[in-house]
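Secondary and tertiary structure notes
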Amino acid sequence: MSGFCAALLAVLMLLSGCENKIKDTPSNVRRAPIPEEGEKIESYLSEGAKVKGKLTSPYMLRYQKADTPYSEFPRTLHVDFYTDSLQIESQMDAKYGKYLPSLNKVFLRDSVVVKNILKGDTLRTKELWWDQQTQKFTTDKPVEIYMKDKILFGDGMEADQNFRWYTITHFKGSILTSQNAMPK
């Protein structure tokens, strides 16, 4: 019995040494905000009571208590942009996106592709900013623009969100192709 009492006393002494003291924790330690999670996201962008776009994503994280609230799409996102007659005019895909509502901007990275369905032109780049207020895409990264008969290369670009027009900042060159060279 005395062995049992000694073991019990040893356990009690160990437990008393495992005490958490809140006053020992630094008060200036910032704790990471816990995000809200969403699955199978579907969101519509409208302007003046007209649907302009539809965003879909399999997964979203929303950080409300951060210094600058934002939503993150870490598992791809897809956006369809519509004409006034609700026909899909262009599409945008990326493996990662981050929406900053206070700036009204979206940052896209990893295999960013923008296609104008009506014209057949396709943009490929590593990173892209989408400004919802100006309805423009911008990047300072390398771009490749695939057209029906050529591919354009450059660094940096500005385009409207429907990819009807674009300007390459530092044009590097082009390659003439046949129509069957278009990416799918």
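Residues numbered from 1 in each chain as written. Predicted model: local features only at pLDDT ≥ 70, side-chain atom pairs only at ≥ 80, totals over all residues. Heavy atoms only, no water.

**Some words on the layout of surface pockets**
What the largest pocket holds in volume is close to 370 Å³. Looking at the largest pocket, it is lined by 23 residues, and the ones nearest its centre are Ser43, Leu55, Phe73, Tyr99 and Gln132. Within the residue set of the lining of the largest pocket, elements represented by two or more residues are strand E1 (36-47), strand E2 (50-63), strand E3 (70-73) and strand E4 (77-82). Here the lining of the largest pocket gets six residues from one element, more than from any other, and that element is E2. For the lining of the largest pocket, the residue count by class is 15 nonpolar, six polar and two charged. (1 Å grid on protein atoms, 1.4 Å probe; cavity = no way out; pocket = protein on both sides within 12 Å on 5 of 7 lines; lining within 4 Å. Points joined across faces, edges and corners; volume = space filled by probe spheres on them. Helix = DSSP H or I, 4+ residues; strand = E, 2+ residues; numbered from the N terminus. Nonpolar A, V, L, I, M, F, W, Y, C, P; charged D, E, K, R; others polar.)

**Regarding the side chain of Gln132**
Residue placement: Gln132 occurs in the loop between strand E8 (122-131) and strand E9 (136-146). Gln132 sits in the buried class, given a relative accessible area of 17%. Not counting chain neighbours up to four residues away, the residues in contact with Gln132 comprise Leu45, Tyr99 and Asn104. (Buried < 20%, exposed > 50% of the residue type's maximum accessible area, 1.4 Å probe, protein only. Contact = heavy atoms within 4.5 Å.)

Such coordinate-based values are descriptive only and should not be taken to indicate function.
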